[in-house]
Structures are given as C-alpha cells and as structure tokens.
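Architecture at a glance
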Amino acid sequence: MDVVAALDTVRNRIADAGGDAEQIQVLAVTKGQPVECVAAAAAAGLADVGENYAQELLAKAEAVDEDVRWHFIGQLQRNKVRSLAPVVHLWQSVDRLRLGEEISHRAPGASVLVEVNLTDDPNRGGARPGFVAGLVDGLRDLGLIVDGLMAVGRQGTADDVRSGFRVVRDLADRLGLATRSMGMSDDLELAVREGSTMVRVGSALFGPRIVR
Ligand SMILES: *Cc1c(COP(=O)(O)O)cnc(C)c1O
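Here is a short report on the structure shown in this document.

Definitions and cut-offs
Residues numbered from 1 in each chain as written. Predicted model: local features only at pLDDT ≥ 70, side-chain atom pairs only at ≥ 80, totals over all residues. Heavy atoms only, no water. Buried < 20%, exposed > 50% of the residue type's maximum accessible area, 1.4 Å probe, protein only. Helix = DSSP H or I, 4+ residues; strand = E, 2+ residues; numbered from the N terminus. Contact = heavy atoms within 4.5 Å. Core = buried A, V, L, I, M, F, W, Y, C linked by side-chain atoms within 4.5 Å. Pairing = 2+ DSSP bridges. Right-handed = clockwise from strand over helix to strand, strands pointing away.

Attention now moves to helix α6 (residues 129-141). Owing to its 3.6 residues per turn, the α-helix aligns residues three or four sequence positions apart on the same side. Burial in α6 covers these residues: Val132, Leu135, Val136, Gly138 and Leu139. Those residues of α6 that are buried lie in contact with β4 (88-94), α5 (97-106), β5 (111-116), β6 (145-151) and α7 (158-175). The positive-phi residue at the C-terminal boundary of α6 is Gly143, with phi of around 90°.

In structure tokens:
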C-alpha cells in the first residue's frame, strides 16, 4: 500500500466533504497492521498513531524508532493503564470515572477524550450521551485535561450515521470542547460534515487488517 497516495486520497475526501484538509487531523490507525505501517505513516507525515489493544501498542512502540504520538482508541481496562501510561499521548476512549482515576494516578494531568456511545448497546465502549457532561466534570476534578469527545459512528443509513455524529457535535459545542474525534475509513465524509476535527483512519491508509 502506498501510504502517501492513500493519504492524498483521504485528504481529498475530507476536502470534497467540505472539510479543511489542512486543519482536520488524520490519525493513522495501525491496529491489525504490521509494525512497518508506523514508519510508513510517519514518513507520510502522520506523526499521530492510534491503537486499540494495549499489548499491540506497547509492542509497536518498543519496535519503532520513529518519534510518533500514540493514541489509545480501544476499550480500556484499568489494569492496562499502568503499562501504557509512559507511552500514551492521548487517551481517546475514557468512558467512566474509575478509568479516569487510574489514568490520573498513573499519568497525572494527562490529556483525554471522553468516548460517547452512540448505540443502544451498553457493551460498546463509551459513555451514554446523558452522562458525558458529568463525566467531563469529574475527569477535570481529577486534574485530567479533557480535550474533547470521541465516538465510533453508528451503523445504518447515512442519516443514522450523521445524526449520531451530530449528537457528538452538539455535546462538544455545549461543553466548549475543541476536539471531536469522529469518522473512520467508511464514514469520514459524514463525520466531516458534522464538524469532525480528527478522523481515525486505518484500512483506507494501509489496506485490510489481519483479522484477530
Ligand atoms: C479500527 C478503528 C478505527 C479505524 O478503522 P478503519 O475502518 O480501518 O478506518 C478507528 N477508530 C476506532 C475506534 C477503531 O477501532
């Protein structure tokens, strides 16, 4: 996969959806991809890299020489926070106060995003929209820096997907939060139309993942 060309395509898609391709951050999601993808992303100018699994992130961080910023974007157990703390730049999937407590303990003053669950399935990661404001307050009380919100798009029609992203946008506006991490390879246009500031892109940059 030619990551430079693929990134160009992603940026064009952002622009075609009405987004500012210079301003909207592209997070390179390397989960399920060989470690060489990290270097390829960095060489293409993507210094921010996202992973979903603690072990995979730590193994890749250990193996690469590139100075990338690691974002944790997957469901996170508290017992993984300690080993991740020295490495993670932005904790994108904070969805409960107990997790925030552990992060503030292991990485005081760290930057986080609150993940919003846009589905009706409580087993999905993320806080239900009605709990987000309270969680943001609680995380701030712990000394964490809440940069914004993160969400995985709904499944469904374009209208369903868009209305989910609109929930995130409205919450972020109401709470005065700058970062809206939303949009992936398949739905980034809809996220950009709803004010995404960061798209998290894996397969559109690196090709299909190795299924785990
Ligand atoms: C896997 C994943 C992505 C990237 O998915 P693609 O469809 O490959 O772009 C982004 N965000 C999260 C939370 C993910 O789990």
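What follows covers the environment of Lys31. Residue placement: Lys31 occurs in the loop between β1 (25-29) and α2 (36-43). Taking the relative accessible area as the measure of exposure, Lys31 reaches 19% and is therefore buried. The sequence separation of Lys31 and Tyr53 amounts to 22 residues, and the corresponding C-alpha distance is 7.6 Å. Once residues within four sequence positions are removed from consideration, Lys31 is found in contact with Gly50, Glu51, Asn52, Tyr53, Glu56, Lys60 and Arg209.

This part covers the nonpolar core. Grouped together as the largest cluster of nonpolar side chains are 41 residues, with contacts concentrated most on Trp91, Ile103 and Leu149. Examining the composition of this core, we find that 5 residues originate from one element, α7, more than from any other. If sequence neighbours within four positions are ignored, Ile103 has contacts with Val81, Trp91, Val94, Pro108, Ala110, Val112 and Leu144. Ranked by size, the runner-up nonpolar core spans 20 residues in total, among them Val10, Ala41, Leu188 and Val201.

What follows covers the pairing of β5. With respect to burial, β5 is a largely interior element, 6 of its 6 residues being buried. Of the two faces of β5, the one carrying Ser111, Leu113 and Glu115 and the one carrying Val112, Val114 and Val116 are both buried. Relative to β5, β4 runs parallel, the two being bridged by 2 bridges. If you follow Trp91 over to β5, its bridge partner there is Val112. Crossover connection from β4 via α5 to parallel β5: handedness right-handed. Note that the unit made of β5, α6 and β6 has a crossover that is right-handed.

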